[in-house]
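# Residue-level structural notes
Spelled out, the chains give:
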Amino acid sequence: MKNLAVIIAIVAAVQAQSIDDVPPCARDCLRNSTKKVTLCAESDLSCVCGKFDQIRGDAAGCVLGACGADTGKVLDATKQLCEPLA
Ligand SMILES: *[C@@H]1O[C@H](CO)[C@@H](O)[C@H](O)[C@H]1NC(C)=O
């Protein structure tokens, strides 16, 4: 039973996920970089996460400028976004 609850929680978490879960300061940067370096629809997380190294490389300077000290939070959020799909 305990495992079932965990599975349900994971499914719910995955379904709730979108790029909107990333702190607002980084969304434009990540959206722009997603468009620039991939052909992924931004809502297609499995595609976005598959290319995330490239997106992150392109967006890094933009995110740092937009989010400053919150950049660490952005990294955590993107990790949580992509980890269930890895
Ligand atoms: C994203 O791209 C749009 C359109 O090119 C641009 O106006 C906007 O400034 C960009 N945003 C960031 C955060 O780079």
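Residues numbered from 1 in each chain as written. Predicted model: local features only at pLDDT ≥ 70, side-chain atom pairs only at ≥ 80, totals over all residues. Heavy atoms only, no water.

### Structural notes on the nonpolar core
To keep it simple, the criterion reads: We call a set of buried residues a nonpolar core when its members are Ala, Val, Leu, Ile, Met, Phe, Trp, Tyr or Cys and they connect through side-chain atoms within 4.5 Å of each other. The buried label applies to any residue whose accessible area, calculated with a 1.4 Å probe on protein chains only, is under 20% of its type's maximum; exposed applies above 50%, and partly exposed to all values in between. In DSSP terms, a helix is any run of H or I states spanning at least four residues, a strand is any run of E spanning at least two, and both are numbered starting from the N terminus. Every residue pair with non-hydrogen atoms within 4.5 Å of one another is taken to be in contact.
Counting residues in each nonpolar core, the largest one holds 17 residues, and the members touching the most others are Val22, Ala26, Leu30, Phe52, Val63 and Val74. Secondary structure elements with two or more residues in this core: helix H2 (24-37), helix H3 (45-50), helix H4 (52-67) and helix H5 (71-82). Counting residues per element, this core draws most heavily on H4, at five residues. Residue contacts for Phe52: discarding those within four places in its chain leaves Leu30, Thr78 and Cys82.

### Let's talk about the site of the ligand
Where we set the bar: Here, proximity means that at least one heavy atom of the residue falls within 4 Å of the molecule or strand. N or O atoms closer than or at 3.5 Å make up a polar contact, with two conditions inside protein: a donor-capable atom paired with an acceptor-capable one, and, for residues adjacent in sequence, both atoms drawn from side chains. What sets the accessible areas is the Shrake-Rupley method with a 1.4 Å probe; for residues, cover comes only from the shown protein chains.
Contacts to the ligand come from Asp28, Cys29, Asn32 and Cys62. Asn32 places a side-chain nitrogen or oxygen 2.3 Å from an oxygen atom of the ligand. Across the complex, the protein chains shield 31% of the 360 Å² of accessible surface that the ligand would expose by itself. With three residues, the top contributor of residues to the shell around the ligand is H2.

### Focus: the state of the cysteines
Selection criterion: For the purposes of this analysis, a disulfide is any pair of cysteine sulfur atoms at a distance within 2.5 Å.
In this structure the tally under the stated criterion is four disulfides. Between the sulfur of Cys40 and that of Cys47 lies a disulfide, 1.9 Å long from S to S. When the S-S torsion is -75°, as for the bridge of Cys40 with Cys47, the disulfide is left-handed. Each sulfur in the disulfide pair Cys49 and Cys82 lies 2.0 Å from the other. Looking down the S-S bond of the Cys49 and Cys82 bridge, the torsion is -80°, so its handedness is left-handed. Taken together, the positions of Cys49 in helix H3 and Cys82 in helix H5 put the pair 33 residues apart, joining distant regions of the chain. If the cysteines joined by disulfides in the protein chain are listed in sequence order, their pairing comes out as 1-7, 2-6, 3-4, 5-8.

### Let's talk about H5
How we decide: Each residue after the first adds 1.5 Å to the expected span of a helix. The directions considered for the arc run from the helix axis to the C-beta atoms.
Compared with the 16 Å implied by 1.5 Å per residue over 12 residues, the 17 Å span of H5 between its first and last C-alpha is a close match. Along H5, the residues classified as buried are Thr71, Val74, Ala77, Thr78, Leu81 and Cys82. For H5, the angular spread of buried residues about the axis comes to 125°, placing them on one side. Among the exposed residues of H5, those pointing more than 90 degrees away from its buried face are Lys73, Lys79 and Gln80. Of the surrounding elements, those touching the buried residues of H5 are H2, H3 and H4.

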